[in-house]
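Structural overview
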Protein chains: 2
Amino acid sequence: MLSIKDVAQLAGVAVGTVSRVINNSGAVKPETRRRVEQAIQELNYVPNEVARNFKMQKSKMVALLLPSIWHPFFSELAYYIEDELDREGYKLMLCNSSGKPEKELYYLEMLQQNKVAGIVGITYNDIESSVSTDIPIVSIDRHFSKKITCVTSDNYEGGRLALRELVKAGARKPAFMGSVTAVYSETMKRREGFVDEAKAMGVDYVVYEKPDPVTDDDIYYGEFLRDHADVDGVFAITDMFAAKYIERAREQNIRVPEDVKVVGYDGIQDHAYFHPLISTIRQPVEEMARMTIQLLYKKIRGESLDLETYRLPVTFRPGETT
Amino acid sequence: MLSIKDVAQLAGVAVGTVSRVINNSGAVKPETRRRVEQAIQELNYVPNEVARNFKMQKSKMVALLLPSIWHPFFSELAYYIEDELDREGYKLMLCNSSGKPEKELYYLEMLQQNKVAGIVGITYNDIESSVSTDIPIVSIDRHFSKKITCVTSDNYEGGRLALRELVKAGARKPAFMGSVTAVYSETMKRREGFVDEAKAMGVDYVVYEKPDPVTDDDIYYGEFLRDHADVDGVFAITDMFAAKYIERAREQNIRVPEDVKVVGYDGIQDHAYFHPLISTIRQPVEEMARMTIQLLYKKIRGESLDLETYRLPVTFRPGETT
DNA sequence: AAAAAGAGTTGAAACGTTTCCAATTTGGTG
DNA sequence: CACCAAATTGGAAACGTTTCAACTCTTTTT
């Protein structure tokens, strides 16, 4: 294999000198630099990153651990994360956990063995205890502890906003619809905001939720439609829930938005093929992605962060369902 | 750093023996194995993958180079690719090129430096010439040469199928709508199939295409709607094109499917929030993904492949637009 | 003119693993 | 009991890089 030694030999210098030329570290006489560069050119030499990573005991690789890249919210997030990483020469390793705790742990261990520089985690496990080493981690939408910084949208305000928009659109008895995930999931605050605002405004409301994961849509939505026939507004915890609800409701000749107003959360629909365009609480995905990586960089550099949780503001995006 | 040496010392054996235990290579006495395993347990030792990669001069990392993970077709593909890779302990590195040739080349060079085990490429460049080393590559939808195996769907048959379905749905003057990409792109065969079948059936047809990339939708679709007001069927080269066309057509009070039947290509819509559900030529995404990785494995193992291009059959999935 | 400072360079050690040859032990056989 | 083959183990080399102490020149200062 072509190595730094070959370059050194051809240029008539020592390996250390070649290394200094390549990394621009230490002093090198212009004439020497020229000779080395020419030798590099001539041999078509490229540094061996694997050897470099080994020697340095660190790599410029960041892992993104999430349930499924197939989900549009995550794929948008991943797009911006990769872009932000690339700006600093970092590489992205993608890990789909399918939301299975055992797979999350399996990946976490693998990532430690591979000495990744950092991890962005969207997990169901409390990964804190599972990561023995000191790999920097930033989590999205999950707040475990001080050690793992969390980036999320302002779920509480989003919940309040959703309630207000439903009422504004004419709903008299809005329902919160979602699933119950773990306690550390920030998304639960969407319900809190919704409920608090309903109480504050003196609006009658319903909370409908089942434990995660919702496996049988027929039962989930069927039950809701049966037991809560009187609701005229739905705040779904995600756009996905909203879309499925709308689908089922229409099958039962419930018109959206005439009979029931619907507001989702996420704002994943940005292509022409999404209809109806769901009125939704839009998360600032790009900003969240870039901030996540910037915070991760800080952690990698060993800087301390001001906050445990960074909450980015959300906005209401009117669609065709209110 | 905790290394194999510490384990060896604690277990009272040589490093080579520990290595043999870990990798199950060579013979080790049961009693010795037990002692080593206990030492590993006790120290909570995990092998350093980076060092291993370095020593072996290869890593179990495969790169996926594509325009944008944000696109639903690619994110579905990536999901299955990651899954298939994980089954053999391979890791996935994600590279978004944004479809820019210079970024493709930049990534390609980086991947060589990082000695990835293989590359799955969905690129606009002819990457053949850019990869000097012998990294195994499998390409999706692009056929460059013998060296780079290509996995694709049966675009030609898909084109024929689309034409037949449009006619079956009542179209008398169907149009092909798309963009012209590079000559090596297999997707161009969708048009060929469409045209050949139209001729074979004696059907009047239109071909409308602009050079890639289509930057201004207003002009693209506006021009089509103006110049081809008499078409009553559209075969769009992708579902994305189909969706955008439908959007514009409706703005001009053209009803789909009453006035114009539409068939797309890809089959990306698998969630409730897609409406109208586009009638489309569905690519077997999962199968393509798994086959791609299996072929890549063969190349990594140094086996030779039977074909240069592997074409998987497509199916017509009726939606609400025919 | 001698000493000090600085610039440039060398060469070897170290990173953690695998692998291979040699050395040792084991077990079986004559 | 001696001998041989097989099984097991030890130990060192090698992978390609960075880093650092030591060394050689060159320039500046006194």
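All values reported here derive from a predicted model rather than from experimental measurement. Counting restarts for each chain, with residues numbered from 1 along the sequence as it is written. For this description, chains carry letters from A and ligands carry numbers from 1, given in the order in which they are written. A pLDDT threshold of at least 70 governs which residues receive local features in this predicted model, and a stricter bar of 80 or more applies before side-chain atom pairs are shown or counted, although totals over entire chains, interfaces and linings include all residues. Hydrogens and water molecules were not included; the side-chain quantities draw on all heavy atoms of the structure.

1. Some remarks on the protein's contact with DNA strand D
Quick note on the threshold: It suffices for a single heavy atom of a residue to lie within 4 Å of a molecule or strand for the residue to be listed as near it. Throughout this description, a polar contact denotes any pair of N or O atoms lying within 3.5 Å of each other; where both atoms belong to protein, one of them has to be capable of donating a hydrogen while the other can accept it, and for residues adjacent in sequence the pair is counted only when both atoms sit in side chains. Strands here mean DSSP runs of E at least two residues long; helices mean DSSP runs of H or I at least four residues long; both are numbered from the N terminus. The nonpolar class holds Ala, Val, Leu, Ile, Met, Phe, Trp, Tyr, Cys and Pro. Asp, Glu, Lys and Arg form the charged class, and all remaining residues, Gly among them, are polar.
In the vicinity of DNA strand D there are 28 residues, among which M1(A), I4(A), S19(A), Y45(A) and T32(B) approach most closely. For DNA strand D, the fraction of protein-proximal atoms (within 4 Å) that sit in sugar or phosphate groups is 61%. The backbone of N48(A) places a nitrogen or oxygen atom 3.0 Å from a phosphate oxygen of DNA strand D. Counting residues per element, the ones that place at least two in the surface near DNA strand D are α2 (15–23) and α4 (49–56) of chain A together with α2 (15–23) and α4 (49–56) of chain B. When residues in the surface near DNA strand D are grouped by element, the largest group, five residues, is from α4(A). Taken together, the residues of the surface near DNA strand D break down into 13 nonpolar, ten polar and five charged.

2. A look at the relation of the copies chain B and chain A
For clarity, the cut-off: Overlaid copies result from least-squares superposition on C-alpha atoms, with residues included only where pLDDT is at least 70 in both. A contact between two residues is defined here by any heavy atoms of the two lying within 4.5 Å.
Rotating chain B by 180° and moving it 0.1 Å along the rotation axis overlays it on chain A with an RMSD of 0.2 Å. Taken together, the rotation and translation relating the two chain copies correspond to the operation of a two-fold axis. A high fraction, 100%, of the interface residues of chain B reappear at the interface in chain A, so the copies pair face to face through one surface.

3. Quick word on the interface of chain B and chain A
Basically, it comes down to this: Simply put, the buried area is the total loss of 1.4 Å probe accessible area from both parts when two parts are fitted together. Note on definitions: salt bridges are taken to be side-chain nitrogens of Lys or Arg within 4 Å of carboxyl oxygens of Asp or Glu.
On the chain A side, the residues contacting the 51 residues of chain B number 51 residues. A buried area of about 4900 Å², summed over both sides, lies between chain B and chain A, and 60% of it is on carbon and sulfur atoms. Remark: the boundary between chain B and chain A carries two salt bridges. Of the charged contacts in the structure, one is a salt bridge between D86(B) and K103(A), with a shortest N-O distance of 3.2 Å. Our enumeration of links across chain B and chain A arrives at 14 residue pairs in polar contact (both at pLDDT 80 or more). The set of elements that each furnish at least two residues to the side of chain B that touches chain A consists of α4, α5 (72–87), β2 (91–96), α6 (101–113) and α10 (239–251) of chain B. At nine residues, the largest contribution of residues to the side of chain B that touches chain A is made by α5(B).

4. Here's the deal with the UniProt feature "domain: HTH lacI-type" (unreviewed entry) in chain A
As a reminder of what qualifies: UniProt positions are given in the numbering used here, feature names are shortened, and annotations may be inferred rather than shown by experiment.
Within this structure's numbering, the places UniProt gives as "domain: HTH lacI-type" (unreviewed entry) are residues 2–56 of chain A. Along residues 2–56 of chain A the backbone is 71% helical and 0% strand, and the end-to-end C-alpha distance reaches 20 Å.

5. Some thoughts on the nonpolar core
Quick reminder of the rule: We call a set of buried residues a nonpolar core when its members are Ala, Val, Leu, Ile, Met, Phe, Trp, Tyr or Cys and they connect through side-chain atoms within 4.5 Å of each other. Each residue is placed in one exposure class: buried if its accessible area under a 1.4 Å probe, protein chains only, is under 20% of its type's maximum, exposed if it is over 50%, and partly exposed if it falls in between.
Counting 64 residues, the largest nonpolar core has I81(A) and I81(B) as the members making the most contacts within it. Every residue in contact with I81(A), bar those within four places of it in the chain, is listed here: L64(A), L92(A), V120(A), I140(A), A289(A) and I293(A).

6. Structural notes on unusual backbone geometry
Residue and element names in this part refer to chain A. Following D212, the chain continues into P213 via a peptide bond in cis, with omega recorded as -10°. With respect to the helices and strands, P213 occurs in the loop between β7 (206–211) and α9 (217–227). For N44, which is not glycine, the phi torsion reads 60° and is therefore positive. Tracing the backbone through its elements, the reader meets N44 in the loop between α3 (30–43) and α4.

7. Here we look at the pattern of salt bridges
All names here are of chain A. The tally for this structure, following the rule as stated, stands at 50 salt bridges over all chains. As a salt-bridge pair, E197 and R164 come within 3.2 Å of each other at their nearest N and O atoms. In this pair, E197 is assigned in helix α8 (residues 189–201) and R164 in helix α7 (residues 155–168), connecting sequence segments 33 residues apart. Two residues, K168 and E165, come together in a salt bridge whose shortest N-O distance is 3.3 Å. Residue K168 and its partner E165 are both found in helix α7; the two are separated by three residues, about one turn of the helix. Here E165 falls in the buried class, since its relative accessible area comes to 13%. Ionic contacts of the salt-bridge type, sharing partners, join the residues D83, E84, R87, E286 and R290 into one network.

8. So, the packing of aromatic side chains
Note the threshold: Stacked, tilted and edge-to-face are the three classes assigned to paired rings of Phe, Tyr and Trp, where Trp is represented by its six-membered ring and a pair needs centres within 6.5 Å; plane angles under 30 degrees give stacked, over 60 edge-to-face, the rest tilted.
All told, the structure shown has 35 aromatic pairs over all chains when counted by the stated rule. Their ring planes at 40° and their centres at 5.2 Å tell us that Y90(A) and Y297(A) sit as a pair that is tilted. Of this pair, Y90(A) sits in the loop between α5 (72–87) and β2 (91–96) while Y297(A) sits in helix α11 (residues 285–300); the two residues are 207 residues apart in sequence, bridging distant segments of the chain. Relative accessible area serves as the criterion here: at 15%, Y90(A) is assigned to the buried category. Each ring, one from F176(B) and one from F194(B), has its centre 6.0 Å from the other, and the planes form 50°; the classification is tilted. Taken as a pair, F176(B) in strand β6 (residues 174–180) and F194(B) in helix α8 (residues 189–201) lie far apart in primary sequence, 18 residues in all. Each of the two residues, F176(B) as well as F194(B), counts as buried.

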